[in-house]
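What the coordinates show
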Amino acid sequence: MWDSEFGALRLIERTVTTPEGRSSSLWDLHPDDVRKLPRGAVRADVSRQVFGMGGPVLFYVDRQRRCRTCGEDFVFRATEQRYWYETLRFLIDADAVDCARCRREIRQGKARAAQHAEAAAAAHASPDDAGAQLALAASTCALREHAGGGDVDAGVAAARRALRLNPSLVEALYHEGRLQAHAGRPAKAREALEAFLKRAEGLSRREVKTLVRAAQKWLERADADDAASRLKTEPGSARRYGSR
């Protein structure tokens, strides 16, 4: 008999074979006591679990957790637990410490960092490869936008080198523009993005069209910010903003 958090449950001993082919004797839930489980509980397959310090988990239920990254409360779903412990075969002691959104962002951040490291190595190994230089500029831009990392000046240099090596790679101008913006050089950012839009006219490559829309949006926001800044500095603008 097991005094669980949901009341007394009967246990039976049975021999299981793991996916690795090992046999062992484990305690499992008595079939007649499955009905005693709370609503939403998911029966576990103990033969697929990998044990750490604890023994088998006989069933999974939704668990309330607080994300260590964003501080928001989230639910570690019973079905997700089964996927963790029986499909991915994490140690049964493992727990969800981040919410799904933060876990996804962490994974994406690691992927971007790995991609950037590969791009930097390839660009260093092949300094006359325009594609490798463009890839470095693009990965630097992505890393800077999502994680605030990457060497901006190295990314700008890679974009310029890619364009010199292959003038048809107009997207290099886009990446230079965005990197200049991240470096706090709006005039150079505008110059590069406007040059990109001019040279991208008539090009049908899907990736170029996507960057064209992004460049247009950036320039529109920059124009709006410039207009608001001029308005604040115009004579009499203080009265319009409520100053005395």
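Residues numbered from 1 in each chain as written. Predicted model: local features only at pLDDT ≥ 70, side-chain atom pairs only at ≥ 80, totals over all residues. Heavy atoms only, no water.

**As for the packing of aromatic side chains**
Quick reminder of the rule: Aromatic rings from Phe, Tyr and Trp, with only the six-membered ring used for Trp, were paired whenever their centres fell within 6.5 Å, and each pair was classed as stacked if the ring planes differed by under 30 degrees, edge-to-face if by over 60, and tilted otherwise.
Applying the stated criterion across every chain, the model contains five aromatic pairs. With centroids separated by 5.2 Å and ring planes inclined at 75°, the aromatic side chains of Trp-84 and Phe-90 adopt a geometry described as edge-to-face. In textbook terms, an aromatic cluster arises when at least three aromatic residues are bridged by ring pairs, as seen for Tyr-60, Phe-76, Trp-84, Tyr-85 and Phe-90.

**Considerations on the pattern of salt bridges**
Note the following rule: We define a salt bridge as a side-chain nitrogen of Lys or Arg found within 4 Å of a carboxyl oxygen belonging to Asp or Glu. The way it works is that DSSP assigns letters per residue, a run of H or I at least four long becomes a helix, a run of E at least two long becomes a strand, and they are numbered from the N terminus.
Inspection of the entire model under this criterion finds 14 salt bridges. Close ionic contact of Arg-68 with Asp-98 constitutes a salt bridge, the shortest N to O distance being 3.0 Å. Within this pair, whereas Arg-68 is found in the loop between β7 (63–66) and β8 (73–76), its partner Asp-98 is found in the loop between α1 (78–87) and α2 (100–125), the two being separated by 30 residues in sequence. For Arg-205, the salt bridge identified is with Glu-171, shortest N-O distance 2.7 Å. One end of the pair, Arg-205, is in the loop between α6 (186–200) and α7 (206–233); the other, Glu-171, is in helix α5 (residues 171–182), and 34 residues separate them in sequence. Three or more residues are tied together by salt bridges with common partners; here these are Arg-190, Glu-194, Asp-223 and Asp-226.

**A short note on α7**
Note the threshold: Multiplying one less than the number of residues by 1.5 Å gives the expected span of a helix. Burial classes follow relative accessibility: with a 1.4 Å probe on protein chains only, a residue under 20% of its type's maximum area counts as buried, one over 50% as exposed, and anything between as partly exposed. Should any heavy atoms of two residues lie within 4.5 Å, those residues are counted as being in contact.
Under the 1.5 Å per step criterion, the end-to-end length of α7 is 41 Å for 28 residues, consistent within 8% with the ideal 40 Å. Listed in full, the buried residues belonging to α7 are Val-208, Leu-211, Val-212, Ala-215, Trp-218, Leu-219 and Ala-222. Close packing links the buried residues of α7 with α5 and α6.

**Details of the side chain of Arg-112**
Along the polypeptide, Arg-112 turns up in helix α2. In this structure, Arg-112 is in contact with Glu-105, Ala-142, Leu-143 and His-146, ignoring residues within four places of it in sequence.

**Quick word on a positive patch on the surface**
So the rule is basically this: Patch definition: residues above 30% relative accessible area lacking any salt bridge, with like charges linked at up to 9 Å and the nonpolar side chains Val, Leu, Ile, Met, Phe, Trp and Tyr linked at up to 5 Å. Accessible surface area values rest on a Shrake-Rupley calculation with a 1.4 Å probe, where residue burial reflects the displayed protein chains alone. Residues scored as positive are Lys and Arg, those scored as negative are Asp and Glu, and His as well as the terminal groups of each chain are ignored. The location of each charge is read from NZ of Lys, CZ of Arg, CG of Asp or CD of Glu.
On the surface, a cluster of positive charge is made up of Lys-209, Arg-213, Lys-217 and Arg-221. The topology assignment puts Lys-209 in helix α7. On the accessibility criterion, Lys-209 (43% relative accessible area) is partly exposed.

**Brief notes about the pairing of β8**
We apply this condition: Pairing between strands is defined by DSSP: at least two bridges between them are needed.
The alternating pattern of β8 places Phe-74 and Phe-76 on a buried face, while none of Asp-73 and Val-75, on the opposite face, is buried. Where β7 meets β8, four bridges bridge the pair, whose relative direction is antiparallel. Bridging from a neighbouring strand, Arg-66 pairs with Asp-73 of β8. Connecting the antiparallel pair β7 and β8 is a turn made up of six residues, with Gly-71 showing a positive phi of about 80°.

**Regarding the environment of Leu-26**
Note that Leu-26 resides in strand β4 (residues 23–29). With eleven residues separating them in the primary sequence, Leu-26 and Thr-15 have C-alpha atoms 6.3 Å apart.

**Things to note about the packing of α5 against α7**
Threshold: Axis definition: a line fit to C-alpha positions, over the contact stretch in the case of helices; interaxial angles, taken between N-to-C directions, run 0 to 180 degrees. For any helix crossing, the convention is left-handed if the near helix is rotated counterclockwise from the far helix by under a right angle, and right-handed if that rotation is clockwise. Each residue gets one of three labels, nonpolar for Ala, Val, Leu, Ile, Met, Phe, Trp, Tyr, Cys and Pro, charged for Asp, Glu, Lys and Arg, and polar for the others, Gly among them.
Viewed as axis vectors pointing N to C, α5 and α7 meet at an angle of 35°, and their least axial separation amounts to 10 Å. For the crossing formed where α5 meets α7, the hand is left-handed. Along the contact surface, α5 presents Glu-171, Tyr-174, His-175, Arg-178 and Ala-181, while α7 presents Glu-207, Val-208, Leu-211, Ala-214, Ala-215 and Trp-218. Of the residues that constitute the contact of α5 with α7, the class distribution is seven nonpolar, one polar and three charged.

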